[in-house]
Amino acid sequence: MSDKIPEGNRSARERLAQQREREKGREKRRRTLIVASAVVGVLALAAVVGLIAANAGKDDGGDTASGPAVAPSGAIGEDALTLPVGAADAPSTLTIWEDFRCPVCAQFETAFKDTITELADDGQVKVEYHLATIIDGNLGGTGSLRAANAAACAQDAGKFAAYHDVLFANQPPEPDDAYGKNSRLIELAGEVEGLDTPGFRSCVEDGEHDSWVKKSDTAFREGGFQGTPTVLLNGESVFPGKGDEQISPENLKKWVAAANKGKKPGTATPSAPADGSSAPADPSSAPAS
């Protein structure tokens, strides 16, 4: 019997051996790719973490809310968390909780600004603004906080109402954290006569009222409110409606008139800010929501 492997069997075995070698090669390449991908992923993650760390705390977006809460000039109420606009002795009070990144707040402002200005100018209501930062919590970023701090700085200068309107008129899309940049907030101050001063810039860049804003947001969350805007007339919710009626400029005027029946309009002017600048008292610079 011959000890030679038949030619047909040899060819089959050689083909099998070659196939096994090819499979080993493919497996080796697959493992190499897996390892390489893992390394690239780790490096990419490290780069992202490094970018976040590098940008954290920059003056255009850092959260500087630390230390005692410094209330802006003229703030009133419990813990001085209320920014008042209009006659202090007006017979009705319109309380408004807002977030400068909140798109529904901007829609409310567009629809009701003129009505609320008219009611405040006529001494029918005093408007009490409260600031919240819920969009920062929901979407990330610092725009709600930074804008609220800037608005508080405007309050120090007696120009809260006008700057408040400018912020809502220029509100970026909700996911866009443009108000997280102090430079943008200072740029918009240029639209309010006399607001863009070294004192205002320093207040914004230093986050002077950040802790106060945080305290206001805590009060909002602990108040059991459902969202922004929250609008109360003499403590009763009127947004999005009151009873069976939906809010509208006409209905808001009607509700205020009913609440004020037999009462005299207010005439007292708001207190001047501590820095000595005049708070808005004339109709052209009166509040708006």
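Keep in mind that what you see is a predicted model, and the values were worked out from it rather than measured.

### Focus on the pattern of salt bridges
Right, on to step 1. Scanning the entire structure with this criterion turns up 9 salt bridges.
Right, on to step 2. E118 serves as the salt-bridge partner of K253, at 3.2 Å between the closest nitrogen and oxygen. Here K253, found in helix α9 (residues 249-259), pairs with E118, found in helix α2 (residues 103-121); they are 135 residues apart in sequence, far enough to count as distant.
Right, on to step 3. By relative accessible area, which is 36% here, E118 ends up partly exposed.
Right, on to step 4. Here D196 and R201 are joined by a salt bridge, their closest N and O atoms 2.7 Å apart.
Right, on to step 5. Given the relative accessible area of 37%, R201 is considered partly exposed.
Right, on to step 6. Overlapping salt bridges bring together R101, D136 and D177 as one network.

### Description of the confidence of the model for the protein
Right, on to step 1. Per-residue pLDDT for the protein averages 81, and the proportion of residues at 70 or more is 71%.
Right, on to step 2. Here residues 1-6 scores under 50 on pLDDT; set against residues more than four positions off or in separate chains, the count is 2 contacts.
Right, on to step 3. With pLDDT under 50 throughout, residues 272-289 is counted as low confidence; its partners more than four residues away or in other chains account for 51 contacts.

### Concerning the nonpolar core
Right, on to step 1. If you look at the biggest cluster of nonpolar residues, it comprises 58 residues, and the most contacted ones within it are Y163, L167 and F200.
Right, on to step 2. Among the elements that make up this core, the one with the highest residue count is helix α4 (residues 143-156) (8 residues).
Right, on to step 3. In contact with L167, not counting residues within four places along its chain, are F100, A147, A151, Y179, L185 and L188.

### A closer look at α4
Right, on to step 1. With 14 residues, α4 extends 20 Å from end C-alpha to end C-alpha; this agrees with the ideal 20 Å at 1.5 Å per step.
Right, on to step 2. Across the 14 residues of α4, 14 count as buried, placing the element largely inside the fold.
Right, on to step 3. Just past α4, the residue G158 takes up positive phi, approximately 75°.

### Thoughts on the state of the cysteines
Right, on to step 1. Under the criterion given, the structure shown has 1 disulfide.
Right, on to step 2. Linked covalently through their sulfurs, C153 and C203 form a disulfide whose S-S length is 2.1 Å. Its S-S torsion of about -85° marks the bond between C153 and C203 as left-handed, since a negative value means left-handed. Within this pair, whereas C153 is found in helix α4, its partner C203 is found in helix α7 (residues 198-206), the two being separated by 50 residues in sequence.

### Remarks on the pairing of strand β4 (residues 230-233)
Right, on to step 1. Where burial is concerned, the two faces of β4 agree: the one with T230 and L232 and the one with V231 and L233 are both buried.
Right, on to step 2. Direction of pairing for strand β2 (residues 92-98) relative to β4: antiparallel, over a ladder of 4 bridges. Across the sheet, residue T95 finds its bridge partner in β4, namely L232.
Right, on to step 3. Bridge count for β4 against strand β5 (residues 236-237) is 2 bridges, and the pairing is antiparallel. Its bridge partner lying in β5, L232 is registered against S237.

How each quantity is defined
- Residues numbered from 1 in each chain as written.
- Predicted model: local features only at pLDDT ≥ 70, side-chain atom pairs only at ≥ 80, totals over all residues.
- Heavy atoms only, no water.
- Salt bridge = Lys/Arg side-chain N within 4 Å of Asp/Glu carboxyl O.
- Helix = DSSP H or I, 4+ residues; strand = E, 2+ residues; numbered from the N terminus.
- Buried < 20%, exposed > 50% of the residue type's maximum accessible area, 1.4 Å probe, protein only.
- pLDDT = per-residue confidence, 0-100.
- Contact = heavy atoms within 4.5 Å.
- Core = buried A, V, L, I, M, F, W, Y, C linked by side-chain atoms within 4.5 Å.
- Expected span 1.5 Å × (residues − 1).
- Disulfide = S-S within 2.5 Å.
- Pairing = 2+ DSSP bridges.

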